[in-house]
Amino acid sequence: RFIAKPCAINLGIQDSGPHRAQPNAILEKVFTSITKSPDGKRLEGLSKQLDWDVRKIQRWFRHRRNQDKPTTLTKFCESMWRFTFYLSIFFYGIRFLWTAPWFWDTRQCWYNYPFQPLTSRLYYYYILELAFYWSLMFSQFTDIKRKDFLIMFVHHLATIGLITFSYMNNMVRVGTLVLCLHDASDFLLEAAKLANYAKYQRLCDAFFMLFGVVFIVTRLGIYPFWILNTTLFESWELIGPYPSWWLFNGLLITLQILHIIWSYLIIRTAYKALVRGKVSKDDRSDVESSSEEEDVTSNNTKGVFSTSSNGSNRINGHVASGQWTEE
């Protein structure tokens, strides 16, 4: 409110919502009481009842659905908050772990386990991360619903479970490595969103490509060969198969499966960017366009942007021109 909003206004982002649908009591009743996306049969019935063209009724429902979506300014402020948190917590984690012996030798995570001291800096690192992921868990139900809702829900559950479980079992050393590794790419994605909302397309593309490289290197390279190696093999060798070993590694492997899915989406988006010369829309999003231009040009550009029956752009990754991360 006091920092992000003035920044957005200075960048020329207006606090104006999408085009509002013209008042119509009959369509409003259908929208609120029956369906927000009427099928062909209902559209034909409404067309005869109102003496409107079917296309005009489809446009009305699209505008009505979109007018409840948050404005670009609201999304910019949310992304700026997340960018600030991810960047701050990442540098805090790096600064803290740089002097930690287990950062350079992962076998140190298991020496003298479970009798390892919990320092105040390590404690606050854990509490901050846990509080943030709980906030993401709750806000997911009020944010715009995206195609990866279920995957993100599982991700937040697994993350919260890992943070809580590792804290209760004093596995905080390896826990800090997992947290810091995951924070390494998140702030780059939020930076790409900020650039996109401010309509700096080249900067947006650059940040997204950098995000993709860091994400794939950390999640498909460092994570399995550094984190999973120590939790699966080094821990077994040094302290043996403790009772919670299977659950702990099961949660970590669940995260790795999600990493593979997201990496596929990122690679697909990067491929589309190379083909088209710019980054497309976020493949995780499923949001409708609210612009009047789309209504006018949809027939002329059908071969460029593949749209679904409800008008949502299907050229989506963890990114269409000017608005790849509609969240």
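Residues numbered from 1 in each chain as written. Predicted model: local features only at pLDDT ≥ 70, side-chain atom pairs only at ≥ 80, totals over all residues. Heavy atoms only, no water.

Some words on the overall build of the chain
Worth spelling out the cut-off: Every helix listed is a DSSP run of H or I at least four residues long, and every strand listed is a run of E at least two residues long, numbered separately from the N terminus. Burial classes: relative accessible area under 20% of the type maximum marks a residue as buried, over 50% as exposed, and values in between as partly exposed (1.4 Å probe, protein chains only). Each accessible area is a Shrake-Rupley estimate made with a 1.4 Å probe; only the visible protein chains count as cover when residues are assessed.
Helices and strands together make up the secondary structure of the chain, namely 12 helices and zero strands. Listed N to C, the secondary structure of the chain is α-α-α-α-α-α-α-α-α-α-α-α in terms of helices and strands. Counting all 327 residues of the chain, 50% fall into the buried class. Looking at the chain as shown, the accessible area adds up to about 16700 Å², and 62% of this sits on carbon and sulfur atoms.

Quick notes on the UniProt feature "transmembrane region" (unreviewed entry) in the chain
Stated formally: UniProt positions are given in the numbering used here, feature names are shortened, and annotations may be inferred rather than shown by experiment.
UniProt tags residues 83–103, 123–142, 207–226 and 246–267 as "transmembrane region" (unreviewed entry). Taken end to end, residues 123–142 has its terminal C-alpha atoms 30 Å apart, with 85% of it in helix and 0% in strand. Along residues 207–226 one finds 100% helix and 0% strand; the C-alpha atoms at either end are 26 Å apart.

A short note on the pattern of salt bridges
The test is simple: Salt bridges, as used here, are contacts in which a Lys or Arg side-chain nitrogen is within 4 Å of a carboxyl oxygen on Asp or Glu.
Scanning all chains against the criterion turns up four salt bridges. Between Glu78 and Arg82 there is a salt bridge whose closest N-O contact spans 3.9 Å. Note that Glu78 and Arg82 are positioned in helix α5 (residues 72–98) at a spacing of four residues, about one turn of the helix. The class for Glu78 is partly exposed, based on a relative accessible area of 31%.

Description of the packing of aromatic side chains
Put simply, the test is: Here a pair means two rings of Phe, Tyr or Trp (six-membered ring of Trp) with centres within 6.5 Å. Their orientation is stacked below 30 degrees between planes, edge-to-face above 60, and tilted elsewhere. For a lysine, the NZ atom is tested; for an arginine, the CZ atom; a charge sits over a ring if that atom is within 6 Å of the ring centre and within 35 degrees of the ring normal.
Counted according to the given criterion, the structure contains 27 aromatic pairs. Taken together, a centroid distance of 6.3 Å and an interplanar angle of 85 degrees make the contact between Trp236 and Trp246 edge-to-face. With Trp236 in helix α10 (residues 201–239) and Trp246 in helix α11 (residues 245–276), this pair connects stretches of sequence that are 10 residues apart. Under the relative-accessibility criterion, Trp236 is labelled partly exposed at 39%. When its relative accessible area of 60% is taken as the criterion, Trp246 is described as exposed. Three or more aromatic residues joined by ring pairs make a cluster, and in this case those are Trp81, Phe85, Tyr86, Phe132 and Tyr133. The ring of Trp52 is capped by Lys56, whose NZ or CZ atom sits 4.3 Å from the centre of that ring.

Overview of empty space enclosed by the protein
Applied cut-off: Only protein atoms enter the calculation, which uses a 1 Å grid: trapped sets of points that fit a 1.4 Å probe without letting it out are cavities, open sets showing protein on both sides within 12 Å along at least five of seven lines are pockets, and any residue with an atom within 4 Å of a point is a lining residue. Grid points are joined across faces, edges and corners, and a volume is the space filled by probe spheres set on the points. Here the nonpolar group is Ala, Val, Leu, Ile, Met, Phe, Trp, Tyr, Cys and Pro; Asp, Glu, Lys and Arg are the charged ones; every other residue, Gly included, is treated as polar.
Roughly 150 Å³ of volume is contained in the largest cavity. At the level of elements, α7 (120–139), α8 (149–168), α9 (172–197) and α11 are the ones that each hand at least two residues to the lining of the largest cavity. Classifying every residue of the lining of the largest cavity gives 10 nonpolar, five polar and no charged.

Observations concerning the packing of α10 against α11
As a reminder, the rule being used: Only the stretch in contact is used when fitting a helix axis, every axis being a line fitted to C-alpha atoms; angles between N-to-C directions are given from 0 to 180 degrees. When an angle is under 35 degrees it counts as roughly parallel; over 145 it counts as roughly antiparallel; between 65 and 115 it counts as roughly perpendicular; any other value is oblique. Left-handed is the label given to a crossing in which the near helix is rotated counterclockwise from the far helix by less than a right angle, and right-handed is the label when the rotation is clockwise.
Remark: α10 packs on α11, axes separated minimally by 10 Å, with the N-to-C direction vectors making an angle of 160 degrees. Taken together, α10 and α11 sit at an angle that is classed as roughly antiparallel. The hand of the α10/α11 crossing is left-handed. Split into classes, the residues belonging to the contact of α10 with α11 amount to 22 nonpolar, eight polar and one charged.

Here we look at α7
Stated formally: Helices are assigned an expected span. That span is 1.5 Å times one less than the residue count. Working note: the arc is built from the helix axis to C-beta atom directions. The contact definition used throughout considers only heavy atoms, calling two residues in contact when any of these lie within 4.5 Å.
Given a rise of 1.5 Å per residue, 20 residues ought to cover 28 Å, and the 28 Å separating the end C-alpha atoms of α7 matches this to within 8%. Where α7 is concerned, the buried positions are Leu122, Tyr125, Tyr126, Glu129, Leu130, Phe132, Tyr133, Leu136 and Met137. One side of α7 carries all its buried residues, which in axial view fall inside an arc of 165 degrees. In this structure, the buried side of α7 is in contact with α5, α6 (101–104), α8 and α9.

A closer look at the nonpolar core
To keep it simple, the criterion reads: By nonpolar core we mean a set of buried residues, namely Ala, Val, Leu, Ile, Met, Phe, Trp, Tyr and Cys, connected to one another through side-chain atoms within 4.5 Å.
By size, the foremost hydrophobic cluster in this structure holds 56 residues, and its most contacted members are Leu97, Trp102, Tyr223 and Phe248. Elements with a contribution of two residues or more to this core: α5, α6, α7, α8, α9, α10 and α11. No other element matches the 12 residues that α9 contributes to this core.

Some remarks on the packing of α8 against α11
Contact geometry of α8 with α11 gives a least axis separation of 10 Å together with a crossing angle of 150 degrees. Here the hand of the crossing between α8 and α11 comes out left-handed. On α11, the residues touching Ile151, Met152, Val154, His155, Ala158, Thr159, Gly161, Leu162, Phe165 and Ser166 of α8 are Leu247, Phe248, Leu251, Leu252, Thr254, Leu255, Leu258, Ile261 and Trp262. Counted by class, the contact of α8 with α11 contains 14 nonpolar, five polar and no charged residues.

Regarding a nonpolar patch on the surface
This is how the line gets drawn: Two distance rules govern patches: like charges are joined within 9 Å, and nonpolar side chains (Val, Leu, Ile, Met, Phe, Trp, Tyr) within 5 Å, applied only to residues with over 30% relative accessible area and no salt bridge.
Taken together, Leu118, Tyr123, Tyr124, Ile127, Tyr167 and Met168 make up a surface patch of nonpolar side chains, about 600 Å² in accessible area. Secondary-structure elements contributing two or more residues to the nonpolar patch are α7 and α8. It is α7 that contributes the most residues to the nonpolar patch, three residues altogether. Position of Tyr124 relative to the elements: it lies in helix α7.

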